Amino acid sequence: DRQKFIRNFSIIAHIDHGKSTLADRILEMTSSVEKRKMKEQLLDSMDLERERGITIKLNAVQLTYKAKDNQEYILHLIDTPGHVDFTYEVSRSLAACEGAVLVVDAAQGIQAQTLANVYLALDNNLEIIPVLNKIDLPSAEPEKVRREIEEVIGIDASNAVKASGKSGLGVDEILERIIKDVKAPDGDENAPLQALIFDSFFDAYRGVVPTIRVINGSIKKGDMIEFMATKAKFEVVEVGVYTPTQKVVDVLGPGDVGYLTAAIKTLNEVRVGDTITHATKRAEKPLPGYRTLNPVVFCGLYPIDPDQYQDLKDALEKLKLNDASLIYEPETSQALGFGFRTGFLGLLHMDIIQERISREFNIELIATAPSVVYHVYMTNGEKILVDNPTFLPDIQKIDYINEPVVKATIMCPKDYVGSVMDICQKKRGIFIDMKYMDQTRVLLTYRLPLAEIVYDFFDKLKSSTKGYASFDYVLDGYMASDLRKMDILLNGEVVDALSVIVHKEFAYQRGKAIVEKLKTLIPRQMFEIPVQAALGGKIIARETIKAMRKDVLAKCYGGDISRKKKLLEKQKEGKKRMKTFGRVDIPQSAFMAILSNS
Ligand code: GDP
Ligand code: MG
């Protein structure tokens, strides 16, 4: 029967280890894509993904492969996003597979996300096929990396495939190994339907299109289905597979991976990880592992041009249709006017959304410094969630504050262990473990407040290890901390959008760094402006922006006309990314300054 000849697999790797390149070679070898349609890294379809070389959304492609045993197999290549912000999506897409191709750059060896991803694959009981990639590089050390895989991950790598995504070497061997080592999907065609949603996107004409893996039962056009977590019911309009373009099929059965359409209007009803069953013949239980995703990082987004408020609202609405994890609600700031408090899965997610708003919707934004979600326990027994520092209640009314914590794994050459530990310590980290991967590389594990990671952890780590450290984290509960709201005052007035929540012990140092930075970033005005940091109403740091000297202006006049024009242009440019508060112009860079103390 057909099921015996299906293989579902994923490719997992640390960023830049060659996952997308290898996927391209596999697509070519299985002649799924005509040569002329073959663009590089076909799976990374969004412009931004291609530019940044990262995979944001998942994809599932059906391939047909005639193996050496002369039998034709159906392979589903399920792509996963490689970044920490999308761990849950990675885990769900791995749950749709029986095997994973583990790609490790033979010159770089195992990195933090190699480990994170391989653990997710092992959690999902996947067969792992190790591949030593980029062996065409002169610096490749496949034997060393093979040992590393065995010692650090603890899986047999004696027959790891040596490959080069660049030249195509070893790709046929990878395909043969998938056929031989990855088991065919089990699952009962006659059981009630259980299909896992592991991705979805929005199509303007057909509504939400979930990508699904059928585990038990089968699904076809006309079926009444139910989403078990959200209880939403729909009639199936179409089922199909990605080849990689959509191709309609009659039915999807156990082991099949494809999509369905059902005139679903809002993404909220379709959640990654949810189980689809038949409304009339319901499965007893949903598939395991579903959870709702809560955003962990929030910031305020404001249009620089107040007339673009409605455009920004439309843009967020459109983006949300493609990205259910994005949340937002209206917010007003005295300094910035009307905008939106927006929640993200992590910093990269935040970055991507901001960039898409300015790029795809042509809206210039001012973004406030990101904040985590604090659990504030009040003396009156109430508990409130605070994702905007402005709204932290008066300290007298607070019993204690819990902040989110992550478990971070950092991998670095042993020469940098000292400086990495130093950074973690300064970031209020709690040491958990240190392990030598081989003679030269070390794996450190720390518990760290998420707020410190959001702040400037990544930059610090990169600069102090010359980029040699790799880093990954998972959320790991909450801890009570001595946190305070710090306000920034310009010209004696609190700028609400610049308020931050800081640990009490770091307040002075952070406050000083911020006002010093603001002094250099806020343009001089005709009058003197004090810049102050205040903790609970008490000023803890102060700088002064001196008034503009008159002759600076005088110089602009009388000069040759083109120079004058240039100056005016430059002024206009500068104005564009500024907001006027009181009588003071605040550029976007001032808001970013809150994020770095260097
Ligand atoms: P991903 O982030 O894992 O998807 O990695 P990519 O497939 O985007 O590859 C990252 C970089 O490594 C790109 O510049 C590729 O051209 C390069 N690359 C990928 N595979 C190989 C290989 O086998 N040999 C060499 N020399 N370079 C490769
Ligand atoms: Mg990629």
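Keep in mind it's a predicted model, so treat the numbers as computed, not measured. (Residues numbered from 1 in each chain as written. Chains lettered and ligands numbered in written order. Predicted model: local features only at pLDDT ≥ 70, side-chain atom pairs only at ≥ 80, totals over all residues. Heavy atoms only, no water.)

In the vicinity of ligand 1, 17 residues are found, and the nearest of them are D16, K19, S20, T21 and D136. Here an oxygen atom of ligand 1 and a side-chain polar atom of K134 are 3.0 Å apart. In this structure, an oxygen atom belonging to ligand 1 sits 3.2 Å away from a main-chain N or O atom of K166. When isolated, ligand 1 has an accessible area of 580 Å², and the protein chains bury 78% of it. (Near = heavy atom within 4 Å. Polar contact = N/O pair within 3.5 Å; in protein donor to acceptor, adjacent residues only side chain to side chain. Areas by Shrake-Rupley, 256 points an atom, 1.4 Å probe, with all protein chains shown as cover.)

The strand order β11-β10-β16-β7-β8-β15-β12-β13 describes an open sheet built from 8 strands, whose pairing is antiparallel. Each edge of the sheet is formed by a strand with only one pairing partner; in this case those strands are β11 (233-235) and β13 (246-249). Geometrically, the sheet is characterised by an average inter-axis angle of 40 degrees between neighbouring strands, direction not taken into account. (Pairing = 2+ DSSP bridges. Helix = DSSP H or I, 4+ residues; strand = E, 2+ residues; numbered from the N terminus. Axes fitted to C-alpha atoms, helices over the stretch in contact; angles between N-to-C directions.)

The next point concerns helix α10 (residues 450-464). Between its terminal C-alpha atoms α10 stretches 20 Å, which fits the 21 Å expected from 15 residues at 1.5 Å a residue. For α10, the set of buried residues is L450, A451, E452, I453, V454, Y455, D456, F457 and L461. Where α10 terminates, the next one or two residues include K466, which has phi positive at roughly 50 degrees. (Expected span 1.5 Å × (residues − 1). Buried < 20%, exposed > 50% of the residue type's maximum accessible area, 1.4 Å probe, protein only.)

Applying the stated criterion across every chain, the model contains 12 aromatic pairs. Their ring planes at 70 degrees and their centres at 5.6 Å tell us that F5 and Y73 sit as a pair that is edge-to-face. Remark: Y73 occurs in strand β3 (residues 72-79) and F5 occurs in the segment before β1 (6-13); sequence separation between them is 68 residues. For F5, a relative accessible area of 25% puts it in the partly exposed group. In this structure Y73 comes out as buried when scored by relative accessible area, which is 6%. (Phe/Tyr/Trp six-rings, centres within 6.5 Å; stacked < 30°, edge-to-face > 60°.)

Another aspect to go through is the nonpolar core. Formed by 49 residues in total, the largest nonpolar core has its most connected members in I357, I410 and F457. Those residues in contact with I357, other than ones at most four positions away along the chain, are L301, L312, L316, L319, N362, I363 and L365. Core analysis: the second largest hydrophobic core is formed by 35 residues, A60, L132, V152 and L443 among them. (Core = buried A, V, L, I, M, F, W, Y, C linked by side-chain atoms within 4.5 Å. Contact = heavy atoms within 4.5 Å.)

Quick look at the UniProt feature "binding site: GTP" (unreviewed entry) in the protein chain now. Within this structure's numbering, the places UniProt gives as "binding site: GTP" (unreviewed entry) are D16, H17, G18, K19, S20, T21, N133, K134, I135 and D136. Here K19 shows up in helix α1 (residues 19-29). With respect to the element layout, K134 can be found in the loop between β5 (127-133) and α5 (142-153). Relative accessible area serves as the criterion here: at 23%, K134 is assigned to the partly exposed category. (UniProt positions renumbered as here; feature names shortened; annotations may be inferred.)

This next bit is on the environment of K281. Examined against the element boundaries, K281 turns out to sit in the loop between β16 (275-278) and β17 (297-303). Sequence separation between K281 and A191 is 90 residues, and the spatial gap between their C-alpha atoms is 9.3 Å. Setting aside residues up to four positions removed in sequence, K281 forms contacts with N190, A191 and P192. Here the side chain of K281 touches N190 through a polar contact of 3.2 Å, landing on its backbone oxygen.

Moving on, we get to the pairing of strand β31 (residues 538-545). As paired elements, strand β30 (residues 529-535) and β31 share 7 bridges and run antiparallel to each other. By the bridge assignment for β31, A533 is matched with A541. In this structure, the hairpin formed by β30 and β31 is closed by a connection of 2 residues, where G536 is found at a positive phi of approximately 55 degrees.

The subject of this paragraph is the packing of helix α3 (residues 87-94) against helix α4 (residues 112-123). It is the contact of α3 with α4, at a shortest axis distance of 9 Å, that shows an interaxial angle of 40 degrees. One way to sum up the angle between α3 and α4 is to call them oblique. Of the two possible hands of crossing, α3 and α4 adopt the one that is right-handed. Only N117, L120 and A121 of α4 make contact with α3, whose side of the interface consists of T87, V90, S91 and L94. In terms of residue class, the contact of α3 with α4 is built from 4 nonpolar, 3 polar and no charged. (Parallel < 35°, antiparallel > 145°, perpendicular 65-115°, else oblique. Left-handed = near helix turned anticlockwise from the far one by under 90°. Nonpolar A, V, L, I, M, F, W, Y, C, P; charged D, E, K, R; others polar.)

If you trace the 4 strands from one edge of the open sheet to the other, you get β18-β19-β17-β20, paired in antiparallel fashion. Two strands in the sheet have a free side with no partner beyond their single neighbour: β18 (327-333) and β20 (365-367). Taking each pair of neighbouring strands and ignoring which way they run, the sheet shows an average axis angle of 30 degrees. The pairing of β17 with β20 spans 3 bridges and is antiparallel. Its bridge partner lying in β20, L301 is registered against A367. Those strands touched by helix α7 (residues 309-322) are β17, β18, β19 (337-344) and β20, and its axis lies near 15 degrees from that of β19.

Now for the pattern of salt bridges. Scanning the model with the defined rule gives 30 salt bridges in all. Two residues, E98 and R213, come together in a salt bridge whose shortest N-O distance is 2.9 Å. Taken together, the residues span a long stretch of sequence, with E98 in the loop between α3 and β4 (99-105) and R213 in strand β8 (residues 207-216) at a distance of 115 residues. On the basis of relative accessible area, R213 is assigned to the buried category, the value being 2%. Measuring nitrogen to oxygen at the nearest pair gives 3.3 Å for the salt bridge that ties K134 to D105. Of the two residues, K134 is situated in the loop between β5 and α5 and D105 in strand β4; the sequence distance between them amounts to 29 residues. Residue class for D105 comes out buried when judged on its relative accessible area of 3%. The structure contains a network of salt bridges with shared partners spanning E403, K427, R428 and E452. (Salt bridge = Lys/Arg side-chain N within 4 Å of Asp/Glu carboxyl O.)

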